[in-house]
Amino acid sequence: FNERSYSIYLSFGFDAVFTSGHYHGYYFEGNSNKKDKKEKEKEKDKDAKKDNNFKIEQLSAENAAECAALYKQACGSSRLNEIKAAIGGHFPCLVLSLPGKGVVAYTTGAYLMGHSLAKDLASFQALVAAVSAIHKPHERLPPPEFMVPHCYPSVGRWLAKSGFRLRRHIICMEYNAEEAFAPPQGGMVYCNNINY
């Protein structure tokens, strides 16, 4: 995506800080060729029980601050204004919460200008499934897109076996970064947008 202008960005003082895989597609339930029907039914029942605990709602003024708090916990800075600006936009912005735990995942839109954050892989998987369910039947929405940093190989692997395809690799850059941004670790999943 930015490979042609990579050298010129370096000459202006930008630093490459991490790379991401840009995935797009629709969620489907795993690779059906490798599991028998009985095994798939067991997994489906288990997943249904696990996913029923998530409360899924639209991003709103009421939950934006909690999403921003999750981002600050994960990345150390605030994106409250950007999160609020996504409310009511063209792309679906979803928030997932769990009883007693509050917000566990959100997205400001599954497209190049939106970002997504989840406390763990299970929350990210539920977010992807919820976003896909909204995008797929809607003729004016393209397939969901996620930019997944390569430091999360299990996330890229899961997306690839769940209906998503890698479009390209993105080099994420910062200008004169004294402390370069690094995607959060410790089980969290952060999908950056094209801006940062």
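Thresholds, definitions, all that
Residues numbered from 1 in each chain as written. Predicted model: local features only at pLDDT ≥ 70, side-chain atom pairs only at ≥ 80, totals over all residues. Heavy atoms only, no water. Phe/Tyr/Trp six-rings, centres within 6.5 Å; stacked < 30°, edge-to-face > 60°. Pairing = 2+ DSSP bridges. Helix = DSSP H or I, 4+ residues; strand = E, 2+ residues; numbered from the N terminus. Axes fitted to C-alpha atoms, helices over the stretch in contact; angles between N-to-C directions. Core = buried A, V, L, I, M, F, W, Y, C linked by side-chain atoms within 4.5 Å. Buried < 20%, exposed > 50% of the residue type's maximum accessible area, 1.4 Å probe, protein only. Contact = heavy atoms within 4.5 Å. Expected span 1.5 Å × (residues − 1). Polar contact = N/O pair within 3.5 Å; in protein donor to acceptor, adjacent residues only side chain to side chain. Salt bridge = Lys/Arg side-chain N within 4 Å of Asp/Glu carboxyl O.

Asker: I would appreciate a short explanation of the packing of aromatic side chains in the present structure.
Answerer: With the rule as written, the count across this model stands at 8 aromatic pairs. Through a chain of ring-to-ring contacts, three or more aromatic side chains come together here, namely Tyr-27, Phe-124, Phe-146, Trp-158 and Phe-164.

Asker: Looking at this structure, how should I read the sheet that holds strand β5 (residues 116-118)?
Answerer: Backbone hydrogen bonds are what pair the strands of a sheet, in a parallel or an antiparallel way. Pairing is antiparallel across the open sheet formed by 5 strands, whose spatial order is β2-β3-β4-β5-β8. The open sheet terminates on both sides in strands that have one partner only, identified here as β2 (55-58) and β8 (189-191). Adjacent strand axes in the sheet meet at a mean angle of 20°, parallel and antiparallel pairs treated alike. For strand β3 (residues 94-98) and strand β4 (residues 102-107), the ladder comprises 4 bridges, and the chain directions are antiparallel. From the neighbouring strand, Leu-96 faces β4, where its bridge partner is Ala-105.

Asker: Mind showing me how you'd approach the nonpolar core here?
Answerer: Looking at soluble globular proteins, one finds that nonpolar side chains tend to be buried together. Formed by 41 residues in total, the largest nonpolar core has its most connected members in Leu-59, Tyr-106, Phe-124, Phe-146, Val-148 and Leu-159. Going through the elements one at a time, α3 (64-75), β3, β4, β5, α5 (121-135), β6 (145-149), α6 (153-161) and β8 are the ones with two or more residues in this core. Sorting elements by how many residues they give to this core places α3 first, with 7 residues. What Val-148 contacts, discounting residues up to four positions off in sequence, is Ser-20, Gly-21, Tyr-23, Val-155, Gly-156, Leu-159 and Cys-191.

Asker: What exactly am I supposed to notice about the pairing of β4 here?
Answerer: Two faces belong to every sheet, and in a regular strand the side chains alternate between them. Of all 6 residues in β4, 5 are buried, a share of seventy percent or more. Hairpin geometry of β3 and β4 is characterised by an intervening segment of 3 residues between the two adjacent antiparallel strands and by a positive phi of about 80° at Gly-100. With 3 bridges connecting them, β4 and β5 associate as antiparallel partners. Residue Ala-105 lies in a different strand from β5, and its bridge partner there is Ala-118.

Asker: Is there a simple way to think about α5 in this case?
Answerer: Since the α-helix turns once every 3.6 residues, residues separated by three or four places project in the same direction. Across its 15 residues, α5 extends 21 Å between first and last C-alpha, which sits within 8% of the 21 Å expected from 1.5 Å per residue. Those residues of α5 not exposed but buried are Ser-123, Phe-124, Gln-125, Ala-126, Leu-127, Val-128, Ala-130, Val-131, Ser-132 and His-135. The N-cap residue of α5 is Asp-120: its side-chain oxygen and the backbone nitrogen of Ala-122 are 3.3 Å apart.

Asker: Whenever I open this one, the environment of Tyr-152 confuses me. Can you help?
Answerer: One can find Tyr-152 in the loop between β6 and α6. Take Tyr-152: its relative accessible area is 7%, and that puts it in the buried class. Here the alpha-carbon distance between Tyr-152 and Gln-185, two residues 33 residues apart in the chain, equals 8.7 Å.

Asker: Mind showing me how you'd approach the pattern of salt bridges here?
Answerer: Overall, the coordinates contain 3 salt bridges when judged by the stated rule. With its nearest N and O atoms 3.8 Å apart, the salt bridge here joins Glu-57 to Lys-55. For Lys-55, a relative accessible area of 49% translates into the label partly exposed.

Note that every value here comes from positions in space, so none of it alone points to a role or purpose.
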